[in-house]
Amino acid sequence: MKLGVLFSGGKDSTFACWKAMQQEEVVCLITVISRNPESYMFHTPNIRLAALQAEAAGLPLVEVETAGEKEEELLDLKRALLSAKERFGIEGVVTGAVLSVYQAARVQRVCLELGLWCFNPLWSPDQEAYMEELIDAGFKIVIVGVFSSPFDASWLGREIDRRTLDELREIARKYRITLTGEGGEFETFVVDAPFFSRRVAIEEASRDYRNYNGVLRIERAGLVAK
Amino acid sequence: MILVVDLCYRDGSLSRDEFVGPVERFLRKTGAPFCTRHYTAVGAPEVEAADAVILCGTALLDTGFAEHPERFRWLLAFERPVLGISSGMRALAAAFGAAAEPCCEIGMTDVEVLAPDPLFAGEEGFLAYELHEYAVQVPDTFIPLAASDRCVQAIRYRSLPLYGLLFHPEARNEWIIERFLGLAKAAQ
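Observations concerning the overall build of chain A
Per the secondary structure count, chain A includes 6 helices and 9 strands. A compact globule built from 226 residues would reach a C-alpha radius of gyration of about 17 Å, and chain A, at 17 Å, matches this within 12%. Across its three principal axes, chain A shows a C-alpha extent of roughly 45 × 40 × 35 Å. Counting only residues that meet the buried cut, chain A has 57% of its 226 residues in that class. Carbon and sulfur atoms provide 46% of the accessible area of chain A, an area that totals close to 9,700 Å².

What about the overall build of chain B?
Along chain B, the regular secondary structure elements total 5 helices and 9 strands. Each helix (α) and strand (β) of chain B, taken in turn from the N terminus, gives the series β-α-α-β-α-β-β-α-β-β-β-β-β-α. Here the C-alpha atoms of chain B give a radius of gyration of 15 Å, agreeing with the 16 Å that 2.2 N^0.38 yields for 188 residues. Principal-axis analysis of the C-alpha atoms places the extent of chain B at approximately 40 × 35 × 30 Å. Residues counted as buried form 56% of the 188 residues belonging to chain B. Residue pairs in contact within chain B that sit at least 24 positions apart in sequence constitute 72% of those at least 6 positions apart.

Remarks on the sheet that holds strand β3 (residues 61–66) of chain A
Residues and elements named next belong to chain A. A sheet is described by the order of its strands in space; here 5 strands give the open sequence β3-β2-β1-β4-β5, paired in parallel fashion. At either margin of the open sheet sits one strand with a lone partner, and together these are β3 and β5 (117–119). In this sheet, neighbouring strand axes are inclined to one another by 25° on average, regardless of whether the strands run parallel or antiparallel. Where strand β1 (residues 2–6) lies against strand β2 (residues 25–34), 5 bridges are found, and the strand directions are parallel. Along β2, the bridge assignment pairs Lys2 with Glu25. In the packing of helix α4 (residues 101–113) onto the sheet, the strands contacted are β1, β4 (92–94) and β5, and the crossing angle to β5 comes to about 155°.

A closer look at the nonpolar core
Leu29, Val94, Met131, Phe139, Phe151, Ile160 and Leu168 of chain A are the most contacted members of the largest nonpolar core, which totals 67 residues. Of the residues that make up this core, three or more belong to each of domain 1 (2–119) and domain 2 (130–225) of chain A. In this view, Phe151 of chain A contacts Val146, Leu168, Ile171, Ile177, Glu185, Phe186, Tyr209 and Tyr212 of chain A; residues no more than four positions away in its chain are not counted. Among the nonpolar cores identified, the runner-up in size contains 32 residues, and Ala50, Met89, Leu92 and Phe142 of chain B belong to it.

Description of the sheet that holds strand β6 (residues 125–136) of chain B
Consider a sheet: its strands pair through backbone hydrogen bonds, and that pairing is either parallel or antiparallel. Residues and elements named next belong to chain B. The sheet built from 9 strands is open, its strands ordered β2-β1-β3-β4-β9-β8-β7-β5-β6 with mixed pairing. Two strands bound the open sheet, and with one partner strand each, they are β2 (34–38) and β6. Mean inter-strand twist for the sheet, computed between neighbouring axes without regard to direction, equals 20°. Across 4 bridges, the pairing between strand β1 (residues 2–6) and strand β3 (residues 52–55) is parallel. Within the sheet, the bridge partner assigned to Val4 lies in β3 and is Ile54. Each of β1, β2, β3 and β4 (82–85) touches helix α2 (residues 21–30); the most contacted strand, β2, lies at about 165° to it.

Some thoughts on the interface of chain A and chain B
Each side of the interface is counted separately: chain A has 25 residues, and chain B has 24 residues. Summing both partners gives a buried area of about 2,100 Å² for chain A against chain B, and 62% of it is carried by carbon and sulfur. Of all residues in chain A, the largest losses of buried area upon contact with chain B belong to Leu112, Trp117 and Trp123 of chain A, amounting jointly to 29% of the total for that side. Put simply, chain A and chain B have 2 salt bridges between them. In this structure, Lys19 of chain A engages Asp17 of chain B in a salt bridge whose closest nitrogen and oxygen atoms are separated by 2.7 Å. Where chain A meets chain B, there are 10 residue pairs in polar contact (both at pLDDT 80 or more). For the side of chain A that touches chain B, the element with the highest residue contribution is α4 of chain A, accounting for 6 residues. Considered class by class, the residues forming the side of chain A that touches chain B number 16 nonpolar, 5 polar and 4 charged.

Quick look at the domain arrangement of chain A
Residue and element names in this part refer to chain A. Partitioning chain A into domains gives domain 1 (2–119) and domain 2 (130–225). Between the C-alpha centres of domain 1 and domain 2 there is a distance of 20 Å. Per-residue buried area on domain 1 facing domain 2 is highest for Lys11, Phe15 and Ala56; these three make up 28% of the total on that side. In this structure, the connection of domain 1 to domain 2 is made through 1 salt bridge. With its nearest N and O atoms 3.4 Å apart, the salt bridge here joins Arg198 to Glu55. For the pair domain 1 and domain 2, the number of links is 11 residue pairs in polar contact (both at pLDDT 80 or more). If you list the elements that add at least two residues to the side of domain 1 that touches domain 2, you get α1 (11–23) and α2 (50–57). The dominant element in the side of domain 1 that touches domain 2, judged by the number of residues it contributes, is α1, at 8 residues. Tallied by class, residues from the side of domain 1 that touches domain 2 come to 11 nonpolar, 8 polar and 4 charged.

About the thresholds
Residues numbered from 1 in each chain as written. Chains lettered and ligands numbered in written order. Predicted model: local features only at pLDDT ≥ 70, side-chain atom pairs only at ≥ 80, totals over all residues. Heavy atoms only, no water. Helix = DSSP H or I, 4+ residues; strand = E, 2+ residues; numbered from the N terminus. Rg over C-alpha atoms; globule rule 2.2 N^0.38 Å. Buried < 20%, exposed > 50% of the residue type's maximum accessible area, 1.4 Å probe, protein only. Areas by Shrake-Rupley, 256 points an atom, 1.4 Å probe, with all protein chains shown as cover. Contact = heavy atoms within 4.5 Å. Pairing = 2+ DSSP bridges. Axes fitted to C-alpha atoms, helices over the stretch in contact; angles between N-to-C directions. Core = buried A, V, L, I, M, F, W, Y, C linked by side-chain atoms within 4.5 Å. Domains from an automatic or database assignment. Buried area = accessible area lost by both parts, 1.4 Å probe. Salt bridge = Lys/Arg side-chain N within 4 Å of Asp/Glu carboxyl O. Polar contact = N/O pair within 3.5 Å; in protein donor to acceptor, adjacent residues only side chain to side chain. Nonpolar A, V, L, I, M, F, W, Y, C, P; charged D, E, K, R; others polar.

Put into structure tokens, the structure is as follows:
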């Protein structure tokens, strides 16, 4: 089955892509760029770098911009999926939805309207096993947004390796946050994945942090040999 | 031992982690022994060894299982507890002669309990995650236990603990699976 992956460049959609590749044929990545920082559906700090990640993966990228108004962004999602269907013949869509019923239900409705299958291979995971699997599989993931106590500015730009995972585990236990960041506590950017032929090198980045809320904006990045 | 039946479009499919995985993870968490089989691979040995059965759901467009009703005939003679989830409810109802009818619900929905039953005891209603394009007509030998404002959400065989749920209890309502496991244990 030819599939398009709804792609944000973070760990969940990238891992979902990798899982889909093991079962079906992924023919493109699909990115909805929201201009609204409050968007529940699509906003993420470094979404414009999805193009670089798509190049690293050797996959074409379908990019659609949205103003990010609540229901209108669903029309923009529909436009993006329709474009992927027409250009690449996708029969289904893969998402990195983990726990969010809000996001999952909306994508399901749009897919049904377009006659597309919808796959959520990370749905309701064992969070511990999922994070372990990411590291074991060779994903290199950087934290690019923090939105919760106790994350200070030092977390921005940190790679999620075993040591970081141990710390996240401790924080998750103590502060009752999700280990995967699914509750919006942190956001990630994937610099390398098993299916990337080259990895993303972050050359210049700026931190914007205040009171347990911050983002790492990647100003300049390129692809380098692995 | 609980027999978990995968109704997805093929054995080991991309949908497995979404519809079978969460049920397996819950069973693992509760310590309930289980084995999983794709519906095309369920044979007499698995059925005989099962103390109870959970029929899992499928993706919205995944209706291949409904084209093979003969694969579910064993349910007619299986007199131990069964929990059919969404597409699993459809397969269970079809085995007992009931047809499906269009009724699309996606997302969180209010479910009202209609009749007393140990599965929903103490609950008048709850919010449930829905993902279906079809509902089922209630088979003659079943009673409706719960409904949304659009269609029947839960059924049970009149004299046996054979249940069908149109919503997905593995998302947001694991307590229902836990109660089912309690009924399965009590029936042993």
